[in-house]
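Descriptive structure summary
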Amino acid sequence: MGLLHRALVFLIVAVAETALDVRAGHISALLLLFIEGSVYMAEFASALIFFLVVVDRLVFEDSVFVVSEKIKNSHILTNVIIFLYICLNEIRNNMDIRVGQGFDVHALAEGLPMWLGGIRIDSASGFVAHSDGDVAIHALCDALLGALALGDIGHLFPDSSDEFKGIDSKILLRRVMDIVEKEGWRVSNADITIALQAPKIAPYIVSMRECLASVMGTEVSRVSVKATTTERLGFVGRKEGCEVWATVLLVK
Ligand SMILES: [Zn+2]
C-alpha cells in the first residue's frame, strides 16, 4: 500500500472516529500496521495507544462534559502520531545503501616522493606510478566506484593519458566524489588498510584521515585509516611495494 493510500485511510479513520467519538480508529490503525507486516511498528502503536488510553482515563475523565472533547483530541493526536511514524518508516524503507571495495598495489623505488592518503611521507623511496602513486587514494577511489558499479580509476583516468601524468591523486578522488554526489550518494564511512613494511605510517594516520575527509567533503569520524606491516613476509615485507584495501559504504 502506497503512502497516499495510507494517508487516505488515516484521514477517513480520523474523521470517522472524531465524528463517532469511538476508538475504532485505533483498532483500524493497528490492523493496518499488522497488514503492512511491520510488527515493530504495530508494537510501537500498541504501546502508544495504551499510553494515551491510560492518560485519557487518569487525567481527562474527571467530568463527562470534558471527556468528550479531550478524548476526541487525543484520537486525532494518536492518528497524527501514527501517521507521522508511518511516513518516517516509509522514508527509512526507501533508503538505499551500497558497499564498495577497492584494492591497489604499487612498487617502491628509491628517489621518488612518497604520497599516501593525500600526505607526503618522509621516506627515501616512493611509489612507481603514472600519477603521484598514492596507492591509498587509488584503492579508495576504486571502492567508491565499485559501490556504484562504475568500473575502476584505471578505466576512468587511463594511465595512457598525459592529463593524468604525475597528477595529485586528491584531484582524482575529488572527481570520483563529484560522480558519487551527482548520483545522489553520500559517504557513510570509509575504512582503509595500508600494508607497508617501512617507513612507519602511524604518525601520519590522523593527517591522512583529515586530508581524505576534507577532499571527500565528509567528517573525519567517517574516515578510518589503519596501517600494518606484513611481518617481513611477501613483497611488502621485502619493501618492494605497498598494498592497500579500502571499503566504503554509500547511502542515499
Ligand atoms: Zn594505483
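Not measured: the values here are computed from a predicted model.

Cut-offs used in this document
Residues numbered from 1 in each chain as written. Predicted model: local features only at pLDDT ≥ 70, side-chain atom pairs only at ≥ 80, totals over all residues. Helix = DSSP H or I, 4+ residues; strand = E, 2+ residues; numbered from the N terminus. Buried ≥ 20, exposed ≤ 12 C-beta atoms within 10 Å, placed from the backbone. Contact = placed C-beta atoms within 7 Å. Pairing = 2+ DSSP bridges. Right-handed = clockwise from strand over helix to strand, strands pointing away. Expected span 1.5 Å × (residues − 1). Arc of directions from axis to C-beta. Core = buried A, V, L, I, M, F, W, Y, C linked by C-beta atoms within 7 Å. Axes fitted to C-alpha atoms, helices over the stretch in contact; angles between N-to-C directions. Parallel < 35°, antiparallel > 145°, perpendicular 65-115°, else oblique. Nonpolar A, V, L, I, M, F, W, Y, C, P; charged D, E, K, R; others polar. pLDDT = per-residue confidence, 0-100.

**With respect to the environment of Val-215**
Of note, Val-215 is situated in helix H8 (residues 205-216). The exposure class assigned to Val-215 is buried, which follows from the 21 C-beta atoms found within 10 Å. Val-215 sits 45 residues away from Lys-170 along the chain, and the two C-alpha atoms are 6.8 Å apart. Sequence-distant contacts of Val-215, defined by excluding residues within four places in its chain, comprise Gly-118, Lys-170, Leu-173 and Arg-174.

**A closer look at the pairing of strand E5 (residues 186-195)**
Direction of pairing for E5 relative to strand E7 (residues 241-251): antiparallel, over a ladder of 9 bridges. From the neighbouring strand, Ala-190 faces E7, where its bridge partner is Val-248. Here E5 runs beside strand E6 (residues 223-228); their pairing, made up of 6 bridges, is parallel. From the neighbouring strand, Asp-191 faces E6, where its bridge partner is Ser-224. The handedness of the E5 to E6 crossover, carried by H8, is right-handed.

**Things to note about helix H7 (residues 169-182)**
Over its 14 residues, H7 extends 20 Å from the first C-alpha to the last, a length consistent with the 20 Å expected when each residue adds 1.5 Å. Within the sequence span of H7, burial applies to Ser-169, Lys-170, Leu-172, Leu-173, Val-176, Met-177 and Val-180. Down the axis of H7, the buried side of the element spans an arc of 155°, and every buried residue falls inside it. For H7, the exposed residues lying more than 90 degrees away from the buried face are Asp-178 and Lys-182. The secondary structure elements touched by the buried residues of H7 are strand E2 (114-116), helix H5 (135-147), helix H6 (153-156), H8 and E7. Just downstream of H7 lies Gly-184, where phi reads positive at about 90°.

**Let's talk about the nonpolar core**
Ranked by internal contacts, the top residues of the largest apolar core, which has 48 residues, are Leu-140 and Ile-194. Breaking this core down by element, the ones donating at least two residues are E2, strand E3 (119-121), H5, H7, E5, H8, E6 and E7. The biggest single contributor to this core is H5, with 10 residues. Ignoring sequence-local partners within four residues, the contact set of Ile-194 consists of Leu-116, Ala-136, Ile-201, Val-225, Ala-227, Cys-242 and Val-244.

**A word on the packing of H5 against H7**
Between H5 and H7, whose axes approach to 10 Å, the crossing angle comes to 10°. In terms of orientation, H5 lies roughly parallel with respect to H7. Packed against H5, whose contacting residues are Ile-137, His-138, Leu-140, Cys-141, Leu-144 and Leu-145, the element H7 presents Ser-169, Lys-170, Leu-172, Leu-173, Val-176 and Val-180 at the interface. Taken together, the residues of the contact of H5 with H7 sort by class into 9 nonpolar, 2 polar and 1 charged.

**Here's the deal with unusual backbone geometry**
Glycine aside, residues mostly have negative phi angles, and peptide bonds mostly take the trans form. For the bond from Ala-198 to Pro-199, the omega torsion is 0°, close enough to zero to count as cis. Position of Pro-199 relative to the elements: it lies in the loop between E5 and H8. One non-glycine residue, Ala-149, lies in the positive phi region at around 55°. Since 8 C-beta atoms lie within 10 Å of it, Ala-149 is described here as exposed. Although it is not a glycine, Arg-232 adopts a positive phi angle of roughly 65°. Checked against the element boundaries, Arg-232 lands in the loop between E6 and helix H9 (234-237).

**Looking at the confidence of the model for the protein**
When pLDDT is averaged across the protein, the result is 82; 64% of the residues are at 70 or more. Segment residues 62-67 is flagged for pLDDT under 50; beyond a separation of four residues in sequence, or across chains, it makes 3 contacts in the model.

**Observations regarding the sheet that holds strand E1 (residues 97-110)**
If you trace the 5 strands from one edge of the open sheet to the other, you get E4-E1-E7-E5-E6, paired in mixed fashion. What marks the edges here is a single partner per strand, and that holds for strand E4 (125-127) and E6. Within this sheet the neighbouring strands show an average axis-to-axis angle of 20°, counted without direction. Its contacts with the sheet place H5 against E1, E4, E5 and E7, and it is angled at close to 155° to E1.

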